[in-house]
Amino acid sequence: MYEIFEKLCEKKGITPYRFCKDTGINSSTISTWKKKGSECSAKTAKAICDYFDVSMDYLMTGTSSVDSKKLTAKDERDIAKDMESIRTKLLNGADGPLSYDGEPIPKEDAELLLGQIELMMRRLKPINKEKYNPNKNKK
């Protein structure tokens, strides 16, 4: 993901330092993320997506999802409604606290999980539409 972040900076003609100044994210956060070669926090990922006006899908894969172009306004509303329901249940502990190996999951990690769930919903929605309505999109 850091490589994609670097490309976004290059494309916009800024440095990671400038990004940090503009967003208020500590430059050590970016340095640590680069050195570890791991995923960034949900907060950082959201800031990157908002700043560069890209989707989480783009930030994670470096490519725009073709499937997202097939989503209708109704699909977007359905996904938003489902995500709000899932978010509420996960973050409010409706079915017990979100945990892994007996330990509560930090809110930042829960947000990353929610981002992945939304990404998968966006990818699967067009597939499911085609699978369950195969003649609808054919002319």
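Below you will find a few notes about this structure. (Residues numbered from 1 in each chain as written. Predicted model: local features only at pLDDT ≥ 70, side-chain atom pairs only at ≥ 80, totals over all residues. Heavy atoms only, no water.)

## Section: the nonpolar core
- Membership of the largest hydrophobic core comes to 20 residues, with the highest contact counts inside it found for Phe 5, Phe 19, Ile 30, Trp 33, Ile 48, Phe 52 and Leu 59.
- Elements with a contribution of two residues or more to this core: helix 1 (2–12), helix 2 (16–23), helix 3 (27–36) and helix 4 (42–52).
- Tallying contributions element by element places helix 4 first for this core, with six residues.
- Setting aside residues no more than four positions away along its own chain, Phe 5 makes contact with Pro 16, Phe 19, Ile 30, Trp 33, Ile 48 and Phe 52.
- Among the nonpolar cores identified, the runner-up in size contains five residues, and Leu 71, Ile 79, Met 83 and Leu 114 belong to it. (Core = buried A, V, L, I, M, F, W, Y, C linked by side-chain atoms within 4.5 Å. Buried < 20%, exposed > 50% of the residue type's maximum accessible area, 1.4 Å probe, protein only. Helix = DSSP H or I, 4+ residues; strand = E, 2+ residues; numbered from the N terminus. Contact = heavy atoms within 4.5 Å.)

## So, the packing of helix 1 against helix 3
- The geometry of helix 1 relative to helix 3 is characterised by a closest axis approach of 10 Å and an angle of 130 degrees between their N-to-C directions. As far as their axial angle goes, helix 3 and helix 1 are oblique. Contacts between helix 1 and helix 3 involve Tyr 2, Phe 5 and Glu 6 on the former and, on the latter, Ile 30, Trp 33 and Lys 34.
- By residue class, the composition of the contact of helix 1 with helix 3 is four nonpolar, no polar and two charged. (Axes fitted to C-alpha atoms, helices over the stretch in contact; angles between N-to-C directions. Parallel < 35°, antiparallel > 145°, perpendicular 65-115°, else oblique. Nonpolar A, V, L, I, M, F, W, Y, C, P; charged D, E, K, R; others polar.)

## Brief notes about a nonpolar patch on the surface
- Among the surface-exposed residues, Met 120, Leu 124 and Ile 127 lie close enough to one another that they form a single nonpolar patch of about 250 Å² accessible area.
- Within the secondary structure, Met 120 sits in helix 7 (residues 107–132). (Patch = residues over 30% accessible without salt bridge, like charges linked within 9 Å, V, L, I, M, F, W, Y side chains within 5 Å. Areas by Shrake-Rupley, 256 points an atom, 1.4 Å probe, with all protein chains shown as cover. Salt bridge = Lys/Arg side-chain N within 4 Å of Asp/Glu carboxyl O.)

## Describing helix 6 (residues 73–92)
- For helix 6, with 20 residues, the first-to-last C-alpha span of 28 Å sits near the 28 Å given by 1.5 Å per residue.
- Every buried residue belonging to helix 6 is among Asp 75, Ile 79 and Met 83, and all of these are buried. Buried residues of helix 6, viewed axially, fall in a sector of 60 degrees; they line one side. Turned more than 90 degrees off the buried face of helix 6, the exposed positions are Ala 73, Arg 77, Lys 81 and Asn 92.
- Gly 93 sits one or two residues past helix 6 and shows a positive phi near 65 degrees. (Expected span 1.5 Å × (residues − 1). Arc of directions from axis to C-beta.)

## Some words on helix 1
- Along helix 1, the residues classified as buried are Tyr 2, Ile 4, Phe 5, Leu 8 and Cys 9. Mapping the buried residues of helix 1 onto a view down its axis gives an arc of 160 degrees, with all of them on the same face. In helix 1, the exposed positions that point more than 90 degrees away from the buried face belong to Glu 3, Lys 7, Glu 10 and Lys 11.
- Close packing links the buried residues of helix 1 with helix 2, helix 3, helix 4 and helix 5 (56–61).
- One or two residues past the end of helix 1 sits Gly 13, with phi positive at roughly 75 degrees.

## Considerations on the packing of aromatic side chains
- Going through the model one piece at a time under the given rule, you end up with eight aromatic pairs.
- Ring plane angle 75 degrees and centroid distance 5.1 Å describe the contact between Phe 5 and Phe 19, whose orientation is recorded as edge-to-face. Placement of Phe 5 in helix 1 and of Phe 19 in helix 2 is noted, with a sequence separation of 14 residues between them.
- Under the relative-accessibility criterion, Phe 5 is labelled buried at 0%.
- The class for Phe 19 is buried, based on a relative accessible area of 0%.
- Chaining the aromatic ring pairs together yields one cluster made of Tyr 2, Phe 5, Phe 19, Trp 33, Tyr 51 and Phe 52.
- A cation sits over an aromatic face here: Lys 12 above Tyr 51, 4.3 Å from the ring centre. (Phe/Tyr/Trp six-rings, centres within 6.5 Å; stacked < 30°, edge-to-face > 60°. Lys NZ or Arg CZ within 6 Å of the ring centre and 35° of its normal.)

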